[in-house]
Amino acid sequence: MALYLLVFGVCLLVIGAVMLVLMTSSTPRYRTEPKDLLALFDKALSSQVSETEWNAIIGYPIRHNEYLDGIRRRAAHLMEQHGRRWMVAQGKPLLNQEGQAELQALRDHLSAHTALRQQ
């Protein structure tokens, strides 16, 4: 009987400790910052981005900053209009020429906005 109570007490202690840790820890969150978008746009303009990397960043909503989410939605719209997904595997750009020009303008706009916010 004493052994049963000892095992029961240890199990209860372990389960309680696990529950306490799970209740106090928070889930990890990924926050997309302007530098992340600028790096992605630079890679896309130099044809070094994969479609998976593009979709991982552009496909994930940005809830903490409405301006950045607007930039993300505009980039997603550019991909829908000018995207050439099948050409990435051949080392070609992710966007056609018109899309590249619009992405460059979007990148410059985000860069200027970020520089103004940092001053």
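Note that the structure is a prediction, hence the values are computed from the model and not measured.

1. Observations concerning the side chain of Arg72
Here is step 1 of the chain: Tracing the backbone shows Arg72 in helix α4 (residues 66-82).
Here is step 2 of the chain: Among the polar contacts listed, one links the side chain of Arg72 to the side chain of Asp69, at a separation of 2.8 Å.
Here is step 3 of the chain: In contact with Arg72, other than residues within four places in its own chain, are Ile57, Ile58, Gly59, Tyr60, Pro61 and Ile62.

2. Digging into helix α6 (residues 97-118)
Here is step 1 of the chain: The end-to-end C-alpha distance of α6 is 31 Å, a good match for the 32 Å that 22 residues give at a rise of 1.5 Å each.
Here is step 2 of the chain: Residues of α6 that are buried: Gly99, Gln100, Leu103, Leu106, Arg107, Leu110 and Thr114. Within α6, the buried residues cover an arc of 125 degrees as seen down the axis, which keeps them to one side. Those residues of α6 that are exposed and angled more than 90 degrees off the buried face are Gln97 and Leu116.
Here is step 3 of the chain: For α6, the elements touching its buried residues are α2 (34-45), α3 (51-58) and α4.

3. So, the side chain of Gln100
Here is step 1 of the chain: Along the chain, Gln100 turns up in helix α6.
Here is step 2 of the chain: Residue Gln100 is classed as buried on the basis of its relative accessible area, which comes to 14%.

4. With respect to the packing of α4 against α6
Here is step 1 of the chain: For the pair α4 and α6, the least separation of the axes is 10 Å and the interaxial angle reads 170 degrees. Considering the angle they form, α4 stands roughly antiparallel to α6. In contact with Tyr67, Leu68, Ile71, Arg74, Ala75, Leu78 and His82 of α4, α6 contributes Glu98, Gly99, Glu102, Leu103, Leu106, His109, Leu110 and His113.
Here is step 2 of the chain: The class makeup of the residues in the contact of α4 with α6 is eight nonpolar, four polar and three charged.

5. Looking at the environment of Asp42
Here is step 1 of the chain: Within the secondary structure, Asp42 is located in helix α2.
Here is step 2 of the chain: According to the relative accessible area criterion, Asp42 is partly exposed, its value standing at 34%.
Here is step 3 of the chain: C-alpha of Asp42 to C-alpha of Arg107: the two residues are 65 residues apart in sequence and 7.9 Å apart in space.

6. Here's the deal with the nonpolar core
Here is step 1 of the chain: Of all hydrophobic cores here, the largest spans 21 residues; its most connected members are Leu37, Phe41, Trp54, Ile58, Leu103, Leu106 and Leu110.
Here is step 2 of the chain: Counting residues per element, the ones that place at least two in this core are α2, α3, α4 and α6.
Here is step 3 of the chain: Top element by residues in this core is α2. It accounts for six residues.
Here is step 4 of the chain: Beyond its immediate stretch of four places on either side in the chain, Trp54 contacts Leu40, Phe41, Ala44, Val49, Gly59, Ala75, Met79, Leu94 and Leu103.

The rules behind these values
- Residues numbered from 1 in each chain as written.
- Predicted model: local features only at pLDDT ≥ 70, side-chain atom pairs only at ≥ 80, totals over all residues.
- Heavy atoms only, no water.
- Helix = DSSP H or I, 4+ residues; strand = E, 2+ residues; numbered from the N terminus.
- Polar contact = N/O pair within 3.5 Å; in protein donor to acceptor, adjacent residues only side chain to side chain.
- Contact = heavy atoms within 4.5 Å.
- Expected span 1.5 Å × (residues − 1).
- Buried < 20%, exposed > 50% of the residue type's maximum accessible area, 1.4 Å probe, protein only.
- Arc of directions from axis to C-beta.
- Axes fitted to C-alpha atoms, helices over the stretch in contact; angles between N-to-C directions.
- Parallel < 35°, antiparallel > 145°, perpendicular 65-115°, else oblique.
- Nonpolar A, V, L, I, M, F, W, Y, C, P; charged D, E, K, R; others polar.
- Core = buried A, V, L, I, M, F, W, Y, C linked by side-chain atoms within 4.5 Å.

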